[in-house]
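Summary of structural features
Single-letter residue listing:
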Amino acid sequence: MMNIGEFAELTGLSLKALRLYDEQGLLPPVSVDPWSRHRRYSAAQFEHALRLKAARAAGLPLAEAPKLLQDAEAATATLAEHRARLAADRERQDAALDALERLLADPVRWQTEVRRAEAQPWAGVVLPPDIGSDEEANELFAGLWRRLDAEGNRPTGAFWTTIRTAPGSETEIQMLCCWPVAALPPESWTDVERGTIETGQEMVVRWRWDQDVPMVEGATHPAVLALLAAAQESGAEVSLAQVRQIGLLEEGQPVGMEVAVHLKS
């Protein structure tokens with residue numbers, strides 16, 4: 001039998017780690033003196049101690065540790081899952097480093113232009129926050145097109161999307177998917193949003209999907225950020241809800257995006 005210091009020395013686990021594993025029920029001592037509360041360990045516990053030590057060094061979450069102390073099949077599966085997570089993390093880190101390197105070496109200079117926007121009625125649907133996939137979102141959007149077409153109010157051009165703060169909230173973000181139409185849908189369509197783009201000036205930037213652009217995970221497309229910065233530099237007051245991401249079409253097929261922001265001075 002060994003005291004906690006001897007067991008720590010042999011296994012490489014710290015005293016703090018051994019006490020934690022005891023509290024978690026992962027590696028309790030064989031016995032605890034009722035008076036001194038000194039812990040005693042057995043050589044038979046070396047195997048579990050080494051698994052926990054290796055798991056700690058590998059960054060395995062403590063919640064996954066019990067599976068390593070089960071049968072070989074459960075331990076092997078847990079190790080494989082953790083290895084896959086680490087590989088995915090490394091892939092994301094490599095992508096972030098590549099994007100940062102490209103941003104530093106050769107930043108993209110986005111070209112913006114100002115054009116006149118004519119008044120345009122539109123109809124749109126808000127994507128549910130729990131929508132499961134792009135396919136579901138596309139079907140919801142296509143369903144609105146079919147509904148408008150059936151009513152003799154077929155969309156007149158390319159779709160666009162707008163991101164906005166949900167009404168009555170400061171933190172919930174919604175995506176509104178819109179079709180330009182000849183006339184506003186009836187008020188009886190309570191599940192459909194409607195409105196009209198005002199006549200005026202708007203600033204625009206474009207990009208194609210086949211364009212090689214360094215992207216930072218979780219951030220908005222850099223073209224959108226460049227557009228907002230250019231609009232602000234021009235003296236306009238802009239907000240996220242004013243930004244429209246419009247499908248860029250070639251021969252009727254979407255090939256990229258055009259981003260426009262209505263200018264309000």
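Keep in mind it's a predicted model, so treat the numbers as computed, not measured. (Residues numbered from 1 in each chain as written. Predicted model: local features only at pLDDT ≥ 70, side-chain atom pairs only at ≥ 80, totals over all residues. Heavy atoms only, no water.)

1. Observations regarding the sheet that holds strand E2 (residues 31-32)
Taken in spatial order, the 3 strands of this open sheet run E1-E3-E2, and their pairing is antiparallel. Only two strands of the sheet have a single neighbouring strand rather than two, namely strand E1 (2-3) and E2. In the sheet, E2 pairs with strand E3 (residues 39-41) via 2 bridges, with the strands oriented antiparallel. Bridge pairing links Ser31 to Arg40 in E3. (Pairing = 2+ DSSP bridges. Helix = DSSP H or I, 4+ residues; strand = E, 2+ residues; numbered from the N terminus.)

2. Details of the pattern of salt bridges
By the definition in use, this model includes 17 salt bridges. As a salt-bridge pair, Asp212 and Arg102 come within 3.2 Å of each other at their nearest N and O atoms. Here Asp212 is found in the loop between strand E9 (200-208) and helix H7 (222-233), whereas its partner Arg102 is found in helix H5 (residues 72-105), with 110 residues between them in sequence. Its relative accessible area of 57% is what places Asp212 among the exposed residues. Note that Glu258 and Arg115 form a salt bridge whose closest N and O atoms lie 3.0 Å from each other. Of the two residues, Glu258 is situated in strand E11 (residues 253-262) and Arg115 in strand E4 (residues 113-117); the sequence distance between them amounts to 143 residues. (Salt bridge = Lys/Arg side-chain N within 4 Å of Asp/Glu carboxyl O. Buried < 20%, exposed > 50% of the residue type's maximum accessible area, 1.4 Å probe, protein only.)

3. Concerning the environment of Leu10
Position of Leu10 relative to the elements: it lies in helix H1 (residues 4-11). Distance in space between the C-alpha atoms of Leu10 and Ala49 is 9.8 Å, their sequence separation being 39 residues. Aside from chain neighbours lying at most four places away, what touches Leu10 is Met2 and Phe46. (Contact = heavy atoms within 4.5 Å.)

4. Here we look at the sheet that holds E4
Sheet strands associate in pairs through backbone hydrogen bonding, adopting either a parallel or an antiparallel arrangement. With antiparallel pairing, 8 strands are arranged side by side in an open sheet as E4-E9-E11-E10-E6-E7-E5-E8. Strands at the two margins of the open sheet, each flanked by one partner only, are E4 and strand E8 (193-197). Here the strands of the sheet are splayed against their neighbours by 35° on average, with no regard to which way each runs. As judged from the 8 bridges shared by strand E10 (residues 243-250) and E11, these two strands associate in the antiparallel manner. Its bridge partner being in E11, Val243 is matched across the sheet by Val261. On the sheet, helix H6 (residues 134-150) packs against strand E5 (120-126), strand E6 (160-165) and strand E7 (173-180) and is oriented at approximately 35° with respect to E7. Sitting on the sheet, H7 touches E9, E10 and E11, and the angle it makes with E9 is about 150°. (Axes fitted to C-alpha atoms, helices over the stretch in contact; angles between N-to-C directions.)

5. Let's talk about the state of the cysteines
Counting across every chain of the model gives 0 disulfides. Unpaired in this structure, Cys177 has its nearest cysteine sulfur neighbour in Cys178, at a distance of 7.1 Å. Judged by its relative accessible area of 5%, Cys177 falls in the buried class. (Disulfide = S-S within 2.5 Å.)

6. A short note on the pairing of E5
Among the 7 residues in E5, 5 count as buried, and that is most of the element. Of the strand pairs in this sheet, E5 and E8 are connected by 5 bridges, and their pairing is antiparallel. Opposite Ala123, over in E8, you have Arg194 as the bridge partner. Judged from the 5 bridges that link them, E5 and E7 form a sheet pairing that is antiparallel. For Ala123, the partnering residue across the bridge sits in E7 and is Trp179.

7. Regarding the pairing of E6
Bridge count between E6 and E7: 6 bridges; the pairing is antiparallel. Bridge pairing in E7 places Trp160 opposite Cys178.

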